[in-house]
Amino acid sequence: MAKDNTKTNTKETANISKSKAKREERKKEVAKERRQKRTAKIISIAVAAALVAVIALAAGKSIYLSALRTTSNTDLGAGLTADGKIEGFDAAKSLTLVDYANISVPADEVAATDEEVEEDIQSTLESHKEASTDTTLEIKDGDEVNIDYVGTINGVEFEGGNSNGEGYDLTIGSGSFVDDFEQQLIGHKPGENVTVQVTFPEDYDGEEVAGKDADFAVTINSISVMPELTDTFVAENITEEGVSTAEEYRAFVKNKFYEQHLEEYLTNYIVENTTVKSYPSSYLKQIRATTKFNDESMLQYFSSYGMTNLWDLRDDEIDDELSYEQELRTRAKDTAKSLMVYQAIFEDAGLTLDMDAVYAEMTEENGADYVANMKESYGEAYIAQGQIREAVTDYLMKLYK
């Protein structure tokens, strides 16, 4: 009987298949390892290239910033002639000047509004409030009152709870006093004695009273009363020339706002509608320097509020030195354009300055020491430049009022 090799062959075939499968699997692993190594190499090259690019960009930015950085300067008169004009400035070559003598002023944009007139009058009346002891008056929310008080806890006075008869000015509703102290005075009258009961907050600054109930014996001394706008009030309190009645004062306030709006409209219009062909580069640089100095001075003041960089003073989008320097250039151009326009109109209109008369008026109003300090602090050239602007503004107002 012949030997059966079927089982043996099947076993050998299975062994060969397993061996081949292992070889194929190993090939796949080797291929995978090679792919991973190639990928890692490519990534490392890309990272290195990116790092080089970042370093190069940072170096380039640093070089650019170094060239852009402005050195501050305090000399406001630098780049100006003795009579306050920009050195070397030729208006015809530098500007296409607006037709300043033929501006169409929209009446509705410069007219005073009823709201601002009334607010101004109320502010004037507020400033002339007087303390009244009229016993028919009642305290209302928002009133200004003068009181005296003695505070006690369980019948015993506590430190800081006594006005000592000196009177205390309190605005009802201001929240200056604890709990509802102020609200308990509403409805009472001058001359009345009122007992006010309060509870101090648990976290009140003062262990002696924190979290405790207190009684205040309050004497209402007076209520501040705002006068009405009458002819008598105007005659007694308003010193404006030509104003003697309430109606005249209201007209005066209305005209004041009209002139403010008109001046604002005209001064904005002449600058916005003039085109700059070229800037005086040296003067532009000087304006940047003095503007930066002003920013540095402001930063010193605001440093106590946590501001440490110049760009902290600017808008949110100005967030580093580079953006600050770029914005500084924009501001300098805006300032230069305005000064160029005023000088151009001053010259074109044939206006002149009498600085002796200017200083004489300043001396009469403020004293010789003030004038001497102004000259030393700002320089006569800078003062003259300011007078050029004022002369042009006055000239335009006379044209359009």
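The rules we used
- Residue numbers restart at each chain and count upward from 1, following the sequence in its written direction.
- Confidence filtering applies because this is a predicted model: local features only for residues at pLDDT of at least 70, side-chain atom pairs given and counted only at 80 or more, and all residues used for totals across whole chains, interfaces and linings.
- Just so you know, side-chain values use all the structure's heavy atoms and leave hydrogens and water out.
- Helix and strand definitions follow DSSP, with helices as H or I runs of at least four residues and strands as E runs of at least two, each counted in order from the N terminus.
- What makes two residues a contact is simply this: any of their non-hydrogen atoms within 4.5 Å.
- Note that accessible areas follow from Shrake-Rupley with a 1.4 Å probe, and for residues the cover is restricted to the protein chains shown.
- Note on aromatic contacts: the rings of Phe and Tyr and the six-membered ring of Trp form a pair at centre separations within 6.5 Å, being stacked when their planes are under 30 degrees apart, edge-to-face when over 60 apart, and tilted otherwise.
- Whether a charge lies above a ring is judged from NZ of Lys or CZ of Arg, which has to be within 6 Å of the ring centre and within 35 degrees of the ring normal.
- Fitted lines through C-alpha atoms give the axes, limited to the stretch in contact for helices. The angle between two N-to-C directions lies from 0 to 180 degrees.
- Reported orientations rely on four angle classes, namely roughly parallel under 35 degrees, roughly antiparallel over 145, roughly perpendicular from 65 to 115, and oblique for the rest.
- Definitions for this section: a left-handed crossing has its near helix turned counterclockwise from the far helix by less than a right angle. A right-handed crossing has that turn clockwise.
- Nonpolar core, defined: a set of buried Ala, Val, Leu, Ile, Met, Phe, Trp, Tyr and Cys residues in which side-chain atoms within 4.5 Å join the residues together.
- The classification of residues rests on relative accessible area computed with a 1.4 Å probe and restricted to protein chains. Under 20% of the type maximum is buried, over 50% is exposed, and intermediate values are partly exposed.
- Residues with no salt bridge and a relative accessible area higher than 30% make up the patches, which join like charges within 9 Å and nonpolar side chains (Val, Leu, Ile, Met, Phe, Trp, Tyr) within 5 Å.
- In the sections that follow, a salt bridge refers to a side-chain nitrogen of Lys or Arg positioned within 4 Å of a carboxyl oxygen of Asp or Glu.
- In this count, Lys and Arg are taken as positive residues and Asp and Glu as negative ones, while His and the chain termini are left out.
- Throughout, a charge is located at the NZ atom of Lys, the CZ atom of Arg, the CG atom of Asp or the CD atom of Glu.
- Given a helix with a known number of residues, its expected span is that number minus one, times 1.5 Å.
- The arc in question is traced by the directions running from the helix axis to the C-beta atoms.
- On a range of 0 to 100, pLDDT expresses the predictor's confidence in each residue.
- When residue character is reported, Ala, Val, Leu, Ile, Met, Phe, Trp, Tyr, Cys and Pro are called nonpolar, Asp, Glu, Lys and Arg charged, and the others, Gly included, polar.

Peer 1: What is the right way to read the overall build of the chain from this model?
Peer 2: A count of helical and extended segments in the chain gives eleven helices and eight strands. Taking as baseline every contact in the chain between residues at least 6 positions apart, the subset at least 24 positions apart corresponds to 71%. Accessible area for the chain stands at about 25,700 Å²; split by element, carbon and sulfur atoms hold 48% of it.

Peer 1: It is not clear to me how the packing of aromatic side chains should be interpreted in this structure. Could you clarify?
Peer 2: Two numbers describe a pair of aromatic rings. These are the distance of the centres and the angle of the planes. On inspection of all chains with the given rule, the structure shows 16 aromatic pairs. An aromatic cluster of at least three residues, connected via ring pairs, comprises Tyr149, Phe158, Tyr168, Phe177, Phe181, Phe200, Tyr204 and Phe216. If you follow Lys375 out to its NZ or CZ, it ends over the ring of Tyr359, 4.1 Å from the centre.

Peer 1: What is the right way to look at the packing of helix α6 (residues 246-272) against helix α11 (residues 380-400) in this model?
Peer 2: Packed helices, taken two at a time, are described by their axes: the angle between them and the distance between them. Where α6 contacts α11, the two axes come as close as 10 Å, and the packing angle between them is 115°. Classified by the angle their axes make, α6 and α11 are roughly perpendicular. Relative to α11, the crossing made by α6 is right-handed. Where α6 approaches α11, its residues Tyr258, Glu259, Leu262, Glu263, Leu266, Thr267 and Ile270 are matched on the opposing element by Thr393, Leu396, Met397 and Tyr400.

Peer 1: Can you help me understand the nonpolar core in this one?
Peer 2: Nonpolar side chains in soluble globular proteins tend to end up buried together. Core analysis: the largest hydrophobic core is formed by 34 residues, its most contacted members being Ile86, Leu266, Ile270 and Val392. For this core, the secondary structure elements donating two or more residues are α6, α7 (281-302), α8 (321-348) and α11.

Peer 1: Is there a simple way to think about a negative patch on the surface in this case?
Peer 2: Residues Glu263, Glu264, Glu361, Glu364, Glu365, Glu390 and Asp394 make up a contiguous surface patch of negative charge. For the negative patch, the elements supplying multiple residues, two or more each, are α6, α9 (355-366) and α11. With three residues, the single largest contributor to the negative patch is α9. Mapping Glu364 onto the fold places it in helix α9. For Glu364, a relative accessible area of 71% corresponds to the exposed category.

Peer 1: Is there a simple way to explain α9 in this structure?
Peer 2: Note: α-helices contain 3.6 residues per turn, so residues at a spacing of three or four share the same orientation. Given a rise of 1.5 Å per residue, twelve residues ought to cover 16 Å, and the 16 Å separating the end C-alpha atoms of α9 matches this to within 8%. Among the residues of α9, those classed as buried are Met355, Val358, Tyr359 and Met362. Seen along its axis, α9 keeps its buried residues to an arc of 90°; they face one direction. Along α9, the residues that are exposed and aim more than 90 degrees away from the buried face are Asp356 and Glu364.

Peer 1: Could you clarify how one ought to interpret the confidence of the model for the chain in this entry?
Peer 2: The predicted coordinates of low-pLDDT regions are not to be read in fine detail. With 85% of its residues at a pLDDT of 70 or more, the chain has an overall mean of 89. Confidence drops under pLDDT 50 across residues 51-58; counting only partners more than four residues distant or on other chains, this segment forms zero contacts.

Peer 1: Explanation requested: the side chain of Gln286 in the structure shown.
Peer 2: Assignment of secondary structure puts Gln286 in helix α7. Overall, Gln286 belongs to the buried group, its relative accessible area being 13%. The contact partners of Gln286, leaving out residues within four places of it in the chain, are Asn73, Asp75 and Ala78.

Peer 1: Please clarify how the packing of α9 against helix α10 (residues 368-378) should be interpreted in this entry.
Peer 2: In contact at an axis separation of 7 Å, α9 and α10 are set at 125° when each is read in the N-to-C sense. Relative to α10, the element α9 lies oblique. Facing α9, whose interface residues are Tyr359, Met362, Thr363 and Asn366, α10 presents Ala368, Tyr370, Val371, Met374 and Lys375. Of the residues in the contact of α9 with α10, the class split is six nonpolar, two polar and one charged.

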